[in-house]
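# Structural overview
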Amino acid sequence: GENVEQHPSTLSVQEGDSAVIKCTYSDSASNYFPWYKQELGKRPQLIIDIRSNVGEKKDQRIAVTLNKTAKHFSLHITETQPEDSAVYFCAASTGTNAGKSTFGDGTTLTVKP
Amino acid sequence: EAGVTQSPTHLIKTRGQQATLRCSPISGHTSVYWYQQALGLGLQFLLWYDEGEERNRGNFPPRFSGRQFPNYSSELNVNALELEDSALYLCASSPVDRGAYEQYFGPGTRLTVT
């Protein structure tokens, strides 16, 4: 089955700096890669996603890149703010027919003011 | 539009008992997914239901089971509870034409087994 590894497990940055979280996956059939943000005590919220036919996607301060050959994808957050502090999860899915997402173990991001 | 709802918010059971957790998807969503999130860990896929049928299952023992009702709401049943079943159980739903894409999560049910 699919295996998703996420690094680092914890990340601390100063406000205004950039943060990068990386994930690797094992199943070459995976074609959908979402990122979720989970604040303490709250539900995971989808913040950005990318499909395998796209190499990069941006949404304001966040971006995701995908390297299908190397089977890795990354989340980039620029100009970090204290409210970006949360646990971030990556996931990989084979999409409609599998209906199953495999999640990374999460990265705890702390943005220091 | 109302989001995914789950009940109860918290559930306390003793070892050996059975637990029933409930989930109502977003209106119009036919797929429901269940995940287990142990404290400080990632999400582990449990079950996927679509159009009333179980479509896929994660690496969990048979005592984890569920069903989906005609209105697309879902139940997760955990039999013969063990201490390690203590976790946050999250339900998610997705639109009929998107399958595993764009899952929307509920607030979760915190199950504590003593």
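Our structure's up above, just so we're on the same page.
This text gives an overview of the structure that appears in the document. Keep in mind that what you see is a predicted model, and the values were worked out from it rather than measured.

## Remarks on the overall build of chain B
Each helix and strand in chain B was counted, giving 0 helices and 11 strands. N-terminal to C-terminal, the α/β element order of chain B is β-β-β-β-β-β-β-β-β-β-β. Here the C-alpha atoms of chain B give a radius of gyration of 13 Å, agreeing with the 13 Å that 2.2 N^0.38 yields for 114 residues. Out of the 114 residues belonging to chain B, those deemed buried represent 51%. Counting only contacts in chain B whose residues sit at least 6 apart along the sequence, the fraction spanning at least 24 positions is 53%. Just so you have it, chain B exposes about 5200 Å², and 48% of that area is on carbon and sulfur atoms.

## Things to note about the environment of G55 of chain A
Residue and element names in this part refer to chain A. With respect to the element layout, G55 can be found in the loop between β5 (45-51) and β6 (56-59). Distance from G55 to H76, taken between C-alpha atoms, is 14 Å for residues 21 residues apart in sequence. Discounting chain neighbours no more than four positions away, the residues touching G55 are I50, V64, T65 and L66.

## Focus on the nonpolar core
W35, F73 and L109 of chain A are the most contacted members of the largest nonpolar core, which totals 23 residues. Elements supplying a minimum of two residues to this core: β2 (10-14), β3 (19-25), β4 (32-38), β5, β7 (62-67), β8 (72-77), β9 (86-93) and β11 (107-112) of chain A. Discounting chain neighbours no more than four positions away, the residues touching L109 of chain A are L11, V13, A19, I77, D84, S85, A86 and Y88 of chain A. Listed in part, the 21 residues of the second largest apolar core include Y49, F60, F64 and C91 of chain B.

What counts and how
Residues numbered from 1 in each chain as written. Chains lettered and ligands numbered in written order. Predicted model: local features only at pLDDT ≥ 70, side-chain atom pairs only at ≥ 80, totals over all residues. Heavy atoms only, no water. Helix = DSSP H or I, 4+ residues; strand = E, 2+ residues; numbered from the N terminus. Rg over C-alpha atoms; globule rule 2.2 N^0.38 Å. Buried < 20%, exposed > 50% of the residue type's maximum accessible area, 1.4 Å probe, protein only. Contact = heavy atoms within 4.5 Å. Areas by Shrake-Rupley, 256 points an atom, 1.4 Å probe, with all protein chains shown as cover. Core = buried A, V, L, I, M, F, W, Y, C linked by side-chain atoms within 4.5 Å.

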